[in-house]
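Coordinates in review
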Amino acid sequence: MNRKEIFLVSAFRENSVWKQVLGICSALAVTNLMLNSLIMGLGFTFALALSSLTTSLIRNYTPRSVRMIAQTLIIASYVIIVDILLKAYLPEISKQLGPYVGLIITNCILMGRLEAFASKNPPLDSFIDGIGAGAGYTLVLLVIAFFRELFGFGSLFGIRILGVWWTNWSIMVMAPSAFFLLAMLIWIINKRYYKLG
Amino acid sequence: MDISAFLLFWAAIFTSNILLTNFLGMCSYLSVSKEVESSVGLGIAVTFVLVFTTALNWLVYHYILLPFNIEYLQYIVFIIVIAAFVQLLELLIERYTPALYYTLGIFLPLITVNCAIFGVSLFMIIRNYDFLQSIAFGAGSGLGWLLAILMLAGIRSKLKEKLIPIGLQGAGISLIITGIMALAFIGFSGVATIQ
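Before going into details, it helps to say that this report is about the structure given with it. Source: prediction; values computed, not measured.

1. Examining the overall build of chain B
Within chain B one finds nine helices and zero strands. In chain B, the order of α-helices and β-strands from amino to carboxyl end is α-α-α-α-α-α-α-α-α. A compact globule built from 195 residues should have a C-alpha radius of gyration of about 16 Å, and chain B, at 17 Å, falls within 12% of that. Taken over the C-alpha atoms alone, chain B extends approximately 60 × 45 × 30 Å along its principal axes. The burial tally for chain B puts 54% of its 195 residues in the buried class. Relative to all contacts within chain B whose residues are 6 or more apart in sequence, the contacts with residues 24 or more apart total 78%. Of the roughly 8900 Å² that chain B leaves accessible, carbon and sulfur atoms contribute 71%. The positive charge centre, built from 7 side chains, and the negative charge centre, built from 8, are 13 Å apart in chain B.

2. Concerning the overall build of chain A
Helix and strand content of chain A: ten helices and two strands. Start at the N end of chain A and walk to the C end: the helices and strands fall as α-α-α-α-α-α-α-α-β-β-α-α. Taking 16 Å as the expected radius of gyration for a compact globule of 197 residues, we find that chain A reaches 18 Å, a close match to that expectation. In terms of principal-axis extent, the alpha carbons of chain A reach across some 60 × 45 × 25 Å.

3. Details of the side chain of S33(B)
All names here are of chain B. By the secondary structure assignment, S33 is in the loop between helix 2 (26-32) and helix 3 (36-65). According to the relative accessible area criterion, S33 is buried, its value standing at 0%. A polar atom in the side chain of S33 sits 2.9 Å from the backbone oxygen of Y29. Among the polar contacts made by the side chain of S33, one reaches the side chain of R156 at a distance of 2.9 Å. With residues near it in sequence (within four places) discarded, S33 still touches S28, S39, I149, L152, A153 and R156.

4. Some words on a nonpolar patch on the surface
Residue and element names in this part refer to chain A. Nonpolar side chains collect at one region of the surface, where F46, I81, L85, Y89 and L90 lie side by side and expose about 480 Å² of accessible area between them. Mapped onto the secondary structure, L85 falls in helix 5 (residues 67-89). We classify L85 as partly exposed; its relative accessible area is 43%.

5. Comments concerning the environment of Q74(B)
All names here are of chain B. Relative to the assigned elements, Q74 resides in helix 4 (residues 74-96). Residue Q74 is classed as buried on the basis of its relative accessible area, which comes to 15%. The sequence separation of Q74 and I125 amounts to 51 residues, and the corresponding C-alpha distance is 9.6 Å. Setting aside anything within four residues of it in sequence, one finds Q74 in contact with Y61, L65, L122 and I125.

6. What to know about the interface of chain A and chain B
Residue-level contacts link 36 residues of chain A with 36 residues of chain B. Between chain A and chain B, the buried area comes to about 3100 Å², and carbon and sulfur atoms account for 86% of it. Counting across the interface, chain A meets chain B through zero salt bridges. Across the chain A-chain B interface, the total number found is two residue pairs in polar contact (both at pLDDT 80 or more). Every element with two or more residues in the side of chain A that touches chain B is listed here: helix 3 (24-29), helix 5 and helix 10 (175-192) of chain A. No other element matches the ten residues that helix 10 of chain A contributes to the side of chain A that touches chain B. Grouping the constituent residues of the side of chain A that touches chain B by class yields 27 nonpolar, eight polar and one charged.

7. A closer look at the environment of E94(B)
Examined against the element boundaries, E94(B) turns out to sit in helix 4. C-alpha separation for the pair E94(B) and L143(B), spaced 49 residues apart in sequence, amounts to 24 Å.

8. Things to note about the packing of helix 3 of chain B against helix 8 (residues 131-159) of chain B
Residue and element names in this part refer to chain B. As a packed pair, helix 3 and helix 8 sit with axes 8 Å apart at the nearest point and diverge in direction by 165°. With respect to helix 8, the element helix 3 is oriented roughly antiparallel. Handedness of the crossing formed by helix 3 with helix 8: right-handed. Of the residues assigned to the contact of helix 3 with helix 8, the class counts are 19 nonpolar, ten polar and no charged.

9. Brief notes about the pattern of salt bridges
If the charged atoms of two oppositely charged side chains come close together, the side chains can form a pair. Residue and element names in this part refer to chain A. Within this structure, the stated rule accounts for six salt bridges over all chains. Put simply, K19 and E14 hold a salt bridge, and the shortest N to O gap is 3.7 Å. Under the relative-accessibility criterion, K19 is labelled partly exposed at 39%. Using a relative accessible area of 27% as the deciding quantity, one classes E14 as partly exposed.

10. Side note on the packing of aromatic side chains
Residue and element names in this part refer to chain A. Using the criterion set out here, one finds 22 aromatic pairs over all chains in the structure. A centroid spacing of 5.8 Å and a plane angle of 35° characterise the contact between F151 and W166, whose relative ring orientation is tilted. Residue F151 is located in helix 8 (residues 123-153), and its partner W166 is located in the loop between strand 2 (159-160) and helix 9 (170-173); the two are separated by 15 residues in the primary sequence. Residue classification places F151 among the partly exposed residues on the basis of a relative accessible area of 22%.

About the cut-offs
Residues numbered from 1 in each chain as written. Chains lettered and ligands numbered in written order. Predicted model: local features only at pLDDT ≥ 70, side-chain atom pairs only at ≥ 80, totals over all residues. Heavy atoms only, no water. Helix = DSSP H or I, 4+ residues; strand = E, 2+ residues; numbered from the N terminus. Rg over C-alpha atoms; globule rule 2.2 N^0.38 Å. Buried < 20%, exposed > 50% of the residue type's maximum accessible area, 1.4 Å probe, protein only. Contact = heavy atoms within 4.5 Å. Areas by Shrake-Rupley, 256 points an atom, 1.4 Å probe, with all protein chains shown as cover. Lys, Arg positive; Asp, Glu negative; His and termini not counted. Charge placed at Lys NZ, Arg CZ, Asp CG, Glu CD. Polar contact = N/O pair within 3.5 Å; in protein donor to acceptor, adjacent residues only side chain to side chain. Patch = residues over 30% accessible without salt bridge, like charges linked within 9 Å, V, L, I, M, F, W, Y side chains within 5 Å. Salt bridge = Lys/Arg side-chain N within 4 Å of Asp/Glu carboxyl O. Buried area = accessible area lost by both parts, 1.4 Å probe. Nonpolar A, V, L, I, M, F, W, Y, C, P; charged D, E, K, R; others polar. Axes fitted to C-alpha atoms, helices over the stretch in contact; angles between N-to-C directions. Parallel < 35°, antiparallel > 145°, perpendicular 65-115°, else oblique. Left-handed = near helix turned anticlockwise from the far one by under 90°. Phe/Tyr/Trp six-rings, centres within 6.5 Å; stacked < 30°, edge-to-face > 60°.

Listed below in structure tokens is the structure:
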């Protein structure tokens, strides 16, 4: 596989969210606003791509028995960097995201990509794979956030789109809509993209 | 936070259920909920681990991290505490109650990567709970998670013979059921609110 294929496969065909339904905790929790979702997606991609790179660089020197704990520590280190950067430059968004930035550490997508790809492939390929998986994840976040923010607040990225005639659907701001939207997204993708059913 | 531990316990189960309102612990919730028995086993294990790790993490944060001004290490330290506790528990259960080990044993590794465990520790720090409140919050969140997975497993076992579109089977229909459950739980929200 060349690098472009690696990116496309991990972003779309093997997208962790809709193919394996992994790591959806934070995907659902931060999606009531587009801006929060975008920042979360970028932070996630940053942590995943650099963890992949690091894991791949030391893959030949890591004994199998300490592999998991080494990967966890690598992930945690990059997530701490993301957290500190957000606190310093975007304190308001950092407060809104709350514990979900820290929860990137226990996101199964990261561990999954490191185990499945980065621990077996050369550094640059792993880096590309990490960016691909991160882009796929960000895409899902933005799609769900688009509907939740548009119908829940009548705005996109905080800019008012729907006029004064629009009545906000408060259900879109609350938890259940996130479950319904993700279920619908998975259904549509299974039907149109994987041609199931 | 001047909210009583007792109220916090009930609120964590019903009004701010860790899974239905905070979306935590979804991966094992979706993958294990096919059978009622295994769901109960995992739910009990999660509750037990949650009570002890929130207590341990509270002590570690307030007596080690805060005095030395190294709060930014909380992510790494909490993860290590949780992983070490689960590992220790596995050893102890295997040594003293082999029967329990075979029923619970397979779920224990799943718990380390359950984000509900880590999430509760982070929430307790962000919301400034004291020691008793943290334990009540941990226990309530665990029972709330158990309740959610038990309900989903019960509904899914009834759905086995029903015709569901192929694209919606598995995760899709589980998410829709979860959404309906979350809608129902909003009905509790007048009882108590914790943020």
